[in-house]
2 protein chains.
Amino acid sequence: MPPAKRRRVTISDVAALAGVSKGAVSRSFNGAERLPASTVKRIHDAADQLGWRPNAAARAIKGAPAHTIGFVLQRDPDLLGLDPFFPLFLAGLERVLSQNAYSITIRFVSDATEEARCYKDWVAEGRVDAFIVSDLRDDDPRFAMLDDLGSAAVVIGEPPADVHRPSVFHTSDECIEEVLEGWITRGHTRIAHVMGDPNLQHARRRRDVWARVLERHGLSTDALAVGGFTEPGSAEATRELLTAAERPTAIFYANDIMAAAGMRVMSELGLQTGSDVAVFGFDGIPLGPYLSPPLATIACDYIELGSIAGQVLLEELAGRPADPERRTLPARFVERASYGADAAS
Amino acid sequence: MPPAKRRRVTISDVAALAGVSKGAVSRSFNGAERLPASTVKRIHDAADQLGWRPNAAARAIKGAPAHTIGFVLQRDPDLLGLDPFFPLFLAGLERVLSQNAYSITIRFVSDATEEARCYKDWVAEGRVDAFIVSDLRDDDPRFAMLDDLGSAAVVIGEPPADVHRPSVFHTSDECIEEVLEGWITRGHTRIAHVMGDPNLQHARRRRDVWARVLERHGLSTDALAVGGFTEPGSAEATRELLTAAERPTAIFYANDIMAAAGMRVMSELGLQTGSDVAVFGFDGIPLGPYLSPPLATIACDYIELGSIAGQVLLEELAGRPADPERRTLPARFVERASYGADAAS
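Please read these numbers as outputs of a predicted model, since none were measured by experiment. (Residues numbered from 1 in each chain as written. Chains lettered and ligands numbered in written order. Predicted model: local features only at pLDDT ≥ 70, side-chain atom pairs only at ≥ 80, totals over all residues. Heavy atoms only, no water.)

Thoughts on the environment of Asp 148 of chain A
Residue and element names in this part refer to chain A. Here Asp 148 shows up in helix H7 (residues 142–149). Accessibility expressed as a relative area gives 45% for Asp 148, which makes it partly exposed. Considering only alpha carbons, one finds Asp 148 and Lys 120, 28 residues apart in sequence, at a separation of 9.5 Å. (Helix = DSSP H or I, 4+ residues; strand = E, 2+ residues; numbered from the N terminus. Buried < 20%, exposed > 50% of the residue type's maximum accessible area, 1.4 Å probe, protein only.)

Put into structure tokens, the structure is as follows:
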């Protein structure tokens, strides 16, 4: 067991050592300009010597910053392990924040009620200076909530047009369109999509782009199955698509994990990925090049996304308006063998 | 821009609505027993109605819990994206903590000085109730620091024998030994190891187990190369091992990412993983089954590890001593095609 706590050094000890009043110690740490520099130095030396520093709680009462960013996630923590976004985004964010001595406080909540309570509590209690808002939903209640709380935030994703909050997101529509057009040029006429969780905006958006391209060429959009962003979901969706009467010759997966699971189903069905069924995914996971065949993908730079989000937050907290308000990063196609050469049929 | 802040509801508003003094409001939230239950209820109803709750900062000054766990990591945030431990551990931890309305505050630091300052600041400022201590180092300064600070903590990894802190870790020595013995039984005599970062205890431990098994059978431990837990490091190490005069017929990689990178080098050199060179890794990454051939591995349950760590922390914070002080989880072998059948030479 740890030894009993030592008596805590207090502001009185610092005041006594520096030969000043407690008020002077307090003012010297609150950036008050009324003390001579030599006095401030004497007080800070005394504080260093005693290992004392002003209590964050006391500062928070006075409205001082918490030097902490809040990140409330309404999702099942168990899905974290498979999602390349989260650790890479956090890495990029921390790269910027840690250099500025900012911390990140994370909380997983199970529903919108718990989410709202968490936002309110953290602001009321002075725990965080700003929020990261990701996983945007329809009629997302968080924008009104943040306005009510008067809190700073950066949005990860494209906010509705009437929301004026600094945001950072990847643009991938054009890239997906081009890559699908590439398949059509090569003669593919039956192109399937394994969709992510339909409750998430980005899942629906990828599906819509896919449908738009096919419709533009008068191709059927029947070959659509929901994989829900998970491996088992994709395995089932892929099996359904590949055992249907009209088998697709190409499948666009809404993420790489689903593509990997789908490729295994192809192999189990005796189909060659790339030649029998062309495939590309989305995300650009680090292990993509090691799959067999290597996985073609629409790659996002989640580290850069996090890093820009961190910069935007620091600027916002420094009182500088975000310019531009919406910052975008282009997704890019990484062509690998799974994309195939010519249509199989 | 968000609208201007509304006037903040204060303790005076709650006191006025409930018809009591501010002191009574304060006592009713600090668990003081001196108020009649009916008064407490009246005060809390008033607080709910006004959307007021006691300021965490004010509570922290009085020594109330922050309901937050601190996690200080001295590593390059960029390595997060490839490390299966971090997101899965966090998922397991959050599964337990979020149910108890606890948050996690994360900070990446670049050296031991910054690390020590972070620990001290968070405790002095009442930001966290306890710490998670992972990535154990030699003569780790954090144990003495935690004792000095009188702070609660859970250790992820096996602490030195003289450290009495609750800890949770995987035991994998026996499992690695058995799997290496399996290769020796199948006739392998030249078994290589691609090691992780030699500065990390668990990297050295895996190498030591490998060396011990080989020495027990009078086999050479020359085929050792450092991959540093990274893909490029492993690619170089693998190339070095496989182009040496005496080529190994089997390689144990200290993690799965390095095994995946090594398997690609094999393919580039025209060698068949599994038959020409048998391989197993460590971690049990979700994509292991989708590699070609599927990757054999010593799998750890990092979600379970995080979940147990969360339980241990909550028990510790509730004042119950950890029993047992050291909790272990067995790693387990997942045999897949890369492990091979019989020795190739």
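Resuming the write-up.
With respect to helix H5 (residues 85–97) of chain B
Residues and elements named next belong to chain B. Look at H5: 18 Å from first C-alpha to last across 13 residues, which is about the 18 Å you get at 1.5 Å a residue. With 12 of its 13 residues buried, H5 lies for the most part within the structure. Inspection of H5 places Phe 85, Phe 86, Pro 87, Leu 88, Phe 89, Leu 90, Ala 91, Gly 92, Leu 93, Glu 94, Val 96 and Leu 97 among the buried residues, and these make up the whole buried set. (Expected span 1.5 Å × (residues − 1).)

Side note on the sheet that holds strand S3 (residues 130–133) of chain A
Sheet architecture is open: 12 strands sit in the order S11(A)-S5(A)-S4(A)-S3(A)-S1(A)-S2(A)-S2(B)-S1(B)-S3(B)-S4(B)-S5(B)-S11(B), paired in mixed fashion. Two strands lie at the open edges of the sheet, namely strand S11 (326–330) of chain A together with strand S11 (326–330) of chain B, each paired on one side alone. On average, each strand axis in the sheet is tilted by 20° relative to the strand beside it, whichever way the strands run. Bridge count between strand S1 (residues 68–73) of chain A and strand S2 (residues 103–108) of chain A: six bridges; the pairing is parallel. By the bridge assignment for S2 of chain A, Gly 70 of chain A is matched with Thr 105 of chain A. Here helix H12 (residues 302–317) of chain A sits on the sheet in contact with S1, S3, strand S4 (152–156), strand S5 (167–171) and S11 of chain A, set at roughly 160° to S4 of chain A. (Pairing = 2+ DSSP bridges. Axes fitted to C-alpha atoms, helices over the stretch in contact; angles between N-to-C directions. Contact = heavy atoms within 4.5 Å.)

Quick word on the pairing of strand S1 (residues 68–73) of chain B
Residues and elements named next belong to chain B. Taking burial as the measure, the six residues of S1 include six buried ones, the bulk of the element. Here S1 shows two buried faces, one formed by Thr 68, Gly 70 and Val 72 and the other by Ile 69, Phe 71 and Leu 73. Across three bridges, the pairing between S1 and strand S3 (residues 130–133) is parallel. Within S3, the position partnered with Gly 70 by the bridge is Phe 131.

Notes on the confidence of the model for chain A
Scored by pLDDT, chain A has a mean of 88; 90% of the residues are at 70 or more. Low confidence marks residues 1–6 of chain A, where pLDDT is under 50. Its contacts with residues over four positions away, or in another chain, come to seven contacts. (pLDDT = per-residue confidence, 0-100.)

Focus: the sheet that holds strand S12 (residues 332–334) of chain B
All names here are of chain B. Spatially, six strands are ordered S7-S6-S8-S9-S10-S12 in an open sheet, and the strand pairing comes out mixed. This sheet does not close on itself; its edge strands, each paired only once, are strand S7 (224–226) and S12. Adjacent strand axes in the sheet meet at a mean angle of 20° when their direction is disregarded. The sheet contact formed by strand S10 (residues 296–299) and S12 spans three bridges and is antiparallel. The partner of Ile 298 across the bridge, within S12, is Phe 333. Most of the contacts of helix H8 (residues 173–185) go to strand S9 (residues 278–283), to which it runs at about 175°, and overall it touches strand S6 (191–195), strand S8 (250–253), S9, S10 and S12. The strands that helix H9 (residues 201–216) touches are S6, S7, S8 and S9; relative to S6, the one it contacts most, it runs at about 170°.

Some thoughts on the pairing of S3 of chain B
All names here are of chain B. Of the two faces of S3, both are covered, the one formed by Ala 130 and Ile 132 as well as the one formed by Phe 131 and Val 133. Examined bridge by bridge, S3 and strand S4 (residues 152–156) share four bridges and lie parallel to one another. Within S4, the position partnered with Phe 131 by the bridge is Ala 153. Considered for its hand, the β-α-β crossover made up of S3, helix H7 (residues 142–149) and S4 is right-handed. (Right-handed = clockwise from strand over helix to strand, strands pointing away.)

Looking at the packing of H5 of chain B against helix H12 (residues 302–317) of chain B
Angle between the axes and distance between the axes are the two parameters that describe a pair of packed helices. All names here are of chain B. It is the contact of H5 with H12, at a shortest axis distance of 6 Å, that shows an interaxial angle of 40°. As judged from the angle between their axes, H5 and H12 are oblique. The handedness of the crossing between H5 and H12 comes out as right-handed. Mapping the contact onto sequence places Phe 85, Leu 88, Phe 89, Gly 92, Leu 93, Arg 95, Val 96 and Leu 97 in H5 and Tyr 302, Ile 303, Leu 305, Gly 306, Ser 307, Ala 309, Gly 310, Gln 311 and Leu 314 in H12. Partitioned by chemical class, the residues of the contact of H5 with H12 number 11 nonpolar, five polar and one charged. (Parallel < 35°, antiparallel > 145°, perpendicular 65-115°, else oblique. Left-handed = near helix turned anticlockwise from the far one by under 90°. Nonpolar A, V, L, I, M, F, W, Y, C, P; charged D, E, K, R; others polar.)

A closer look at the nonpolar core
Ranked by size, the top nonpolar core spans 110 residues in total, and within it Leu 90 and Ile 106 of chain A together with Leu 90 and Ile 106 of chain B carry the most contacts. Discounting chain neighbours no more than four positions away, the residues touching Ile 106 of chain A are Phe 71, Leu 73, Phe 86, Leu 90 and Trp 122 of chain A together with Leu 90, Glu 94, Ser 103, Ile 104 and Ile 106 of chain B. In this structure, Val 194, Ile 285 and Leu 295 of chain A together with Ala 259 of chain B belong to the second largest nonpolar core, which totals 54 residues. (Core = buried A, V, L, I, M, F, W, Y, C linked by side-chain atoms within 4.5 Å.)

Some remarks on the pattern of salt bridges
Residues and elements named next belong to chain A. Applying the stated criterion across every chain, the model contains 28 salt bridges over all chains. Put simply, Arg 127 and Glu 125 hold a salt bridge, and the shortest N to O gap is 2.8 Å. For the residue pair Arg 127 and Glu 125, the accessibility class agrees, reading buried in each case. Across the pair Glu 177 and Arg 216 runs a salt bridge whose closest N-O atoms are separated by 2.9 Å. Taken together, the residues span a long stretch of sequence, with Glu 177 in helix H8 (residues 173–185) and Arg 216 in helix H9 (residues 201–216) at a distance of 39 residues. Shared partners join several salt bridges into a network, and the residues in it are Glu 177, Glu 181, Arg 212 and Arg 216. (Salt bridge = Lys/Arg side-chain N within 4 Å of Asp/Glu carboxyl O.)

Here we look at the environment of Leu 219 of chain B
Here Leu 219 of chain B lies in the loop between H9 and S7. If near-sequence neighbours (up to four positions away) are discounted, Leu 219 of chain B is found in contact with Ile 184, His 188, Thr 189 and Leu 214 of chain B.

So, the state of the cysteines
Residues and elements named next belong to chain A. Counting across every chain of the model gives zero disulfides over all chains. Cys 175 takes part in no disulfide bond, and the closest cysteine sulfur to it belongs to Cys 300, at a distance of 8.6 Å. Cys 175 gets classed as buried once you look at its relative accessible area, which sits at 11%. (Disulfide = S-S within 2.5 Å.)

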